[in-house]
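Each chain, letter by letter, is given below.
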Amino acid sequence: MDVYEAVRSRQSIRAFTGEPVGREVLERVLGAAARSPSGGNLQPWHIYVLSGDPLTELKKRVGERIAAGDRGDEPEFAWYPPNLTSPYRERLHEMGARRYEAVGIDRDDAAGRARVRAENWNCFGASTALFCYLDRDMPAPQWADAGMYLQTVMLLLRQENLHTCAQIAWSEYHRTVAETITPPPERILFCGMSIGHPDPEIPHQYSVRAPLSETVTFLD
Ligand SMILES: Cc1cc2nc3c(=O)[nH]c(=O)nc-3n(C[C@H](O)[C@H](O)[C@H](O)COP(=O)(O)O)c2cc1C
């Protein structure tokens, strides 16, 4: 698979088969992803890979919190600016509309939407997930480094015929994640990532992008 094909074929998968992902594959991918660039070569990411009993237990504990009506922990960082302006607001709205339409859930069906969202904390059925932490005192450039690292992981997993979904949703239950992982207290959870084989019975959505002219300016 060439790099273009890896980039083109990566898409967020939200229904996995649950087939296990081999430890040797994960070690190969994470070993190679360590070559990701980072400012000052800090390599600020701290990655925890969960499968088997620890992941089952984490899914169960968050599932119990959701079933009890618990809306999550106090946020440790903002996902978006408080007033999302154009064109980002429209892009976010379109993404949500397409996602819920694909699974036949009406915009006004709050319970249906919550059910669909809750699949996040079941890793969409995947049997493997990784969790990316950073040291709390790391400013924006190191968060960008972590993003580059995670994209490298996602592309390398394509070479292994695996798919992913990055999941900031896990930060909503960061306390339960931390109880399972027990990271040092100076670390903050950025996001999770489900890893596995797409469920062939489910149609998987391929998202749209803004035209190049909206996001790239050539000065020549
Ligand atoms: C840092 C990050 C966090 C994300 N968090 C979630 C999430 O919590 N749940 C989810 O379903 N998708 C999540 N996504 C996936 C995005 O919605 C997705 O990348 C975007 O809509 C583009 O679609 P594509 O990945 O299929 O190209 C996340 C993506 C990134 C990069």
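Residues numbered from 1 in each chain as written. Predicted model: local features only at pLDDT ≥ 70, side-chain atom pairs only at ≥ 80, totals over all residues. Heavy atoms only, no water.

Draft legend 1. Highlighting the overall build of the chain. Looking only at helices and strands, one finds eight helices and four strands in the chain. Secondary structure elements of the chain occur, N-terminal to C-terminal, as α-α-β-α-α-α-β-α-β-α-β-α. A globule of 220 residues ought to have a C-alpha radius of gyration of about 17 Å, and the chain, at 18 Å, matches this closely. Its C-alpha atoms put the chain at 60 × 40 × 35 Å along the principal axes. Within the chain, the fraction of its 220 residues that count as buried is 36%. Residue pairs in contact within the chain that sit at least 24 positions apart in sequence constitute 85% of those at least 6 positions apart. Taken together, the 24 basic and 30 acidic charged side chains of the chain have centroids lying 1 Å from each other. (Helix = DSSP H or I, 4+ residues; strand = E, 2+ residues; numbered from the N terminus. Rg over C-alpha atoms; globule rule 2.2 N^0.38 Å. Buried < 20%, exposed > 50% of the residue type's maximum accessible area, 1.4 Å probe, protein only. Contact = heavy atoms within 4.5 Å. Lys, Arg positive; Asp, Glu negative; His and termini not counted. Charge placed at Lys NZ, Arg CZ, Asp CG, Glu CD.)

Draft legend 2. Inspection of the environment of Val-49 at higher detail. Along the chain, Val-49 turns up in strand S1 (residues 46-51). Taking the C-alpha atoms as reference points, Val-49 and Cys-132, separated by 83 residues in sequence, lie 9.0 Å from one another. Contact partners of Val-49, with chain neighbours within four places excluded, come to Leu-26, Leu-30, Thr-128, Ala-129 and Leu-130.

Draft legend 3. Region of the structure containing the pattern of salt bridges. Per the counting criterion, the structure on display carries 13 salt bridges. Here Glu-76 and Arg-136 are joined by a salt bridge, their closest N and O atoms 2.8 Å apart. On the criterion of sequence distance, the pair formed by Glu-76 in the loop between helix H3 (52-67) and helix H4 (88-102) and Arg-136 in the loop between strand S2 (128-135) and helix H6 (140-159) is long-range, its members being 60 residues apart. Note on Glu-76: relative accessible area 32%, which makes it partly exposed. Classification of Arg-136 as partly exposed rests on a relative accessible area of 43%. What emerges from the salt-bridge pattern is a single network uniting Arg-65, Asp-70 and Asp-73. (Salt bridge = Lys/Arg side-chain N within 4 Å of Asp/Glu carboxyl O.)

Draft legend 4. Geometry of the sheet that holds strand S3 (residues 163-167). With antiparallel pairing, four strands are arranged side by side in an open sheet as S1-S2-S4-S3. Looking at the sheet topology across the chains shown, the edges are occupied by S1 and S3. This sheet shows a mean twist of 25° between the axes of neighbouring strands, independent of strand direction. Sheet topology places S3 next to strand S4 (residues 187-196); five bridges connect them, and they run antiparallel. Residue pairing in the sheet places His-163 in a bridge with Gly-196 of S4. (Pairing = 2+ DSSP bridges. Axes fitted to C-alpha atoms, helices over the stretch in contact; angles between N-to-C directions.)

Draft legend 5. View of the site of the ligand. Taken together, 16 residues lie around the ligand, and Ser-12, Arg-14, Ile-168, Ala-169 and Arg-209 are the ones closest in. One nitrogen or oxygen atom from the side chain of Ser-12 is found 2.6 Å from an oxygen atom belonging to the ligand. Burial of the ligand by the surrounding chains reaches 74%, relative to a free accessible area of 620 Å². Contributions of two or more residues to the shell around the ligand are made by H4 and S3. For the shell around the ligand, the element with the most residues is S3, which contributes three residues. Considered class by class, the residues forming the shell around the ligand number seven nonpolar, five polar and four charged. (Near = heavy atom within 4 Å. Polar contact = N/O pair within 3.5 Å; in protein donor to acceptor, adjacent residues only side chain to side chain. Areas by Shrake-Rupley, 256 points an atom, 1.4 Å probe, with all protein chains shown as cover. Nonpolar A, V, L, I, M, F, W, Y, C, P; charged D, E, K, R; others polar.)

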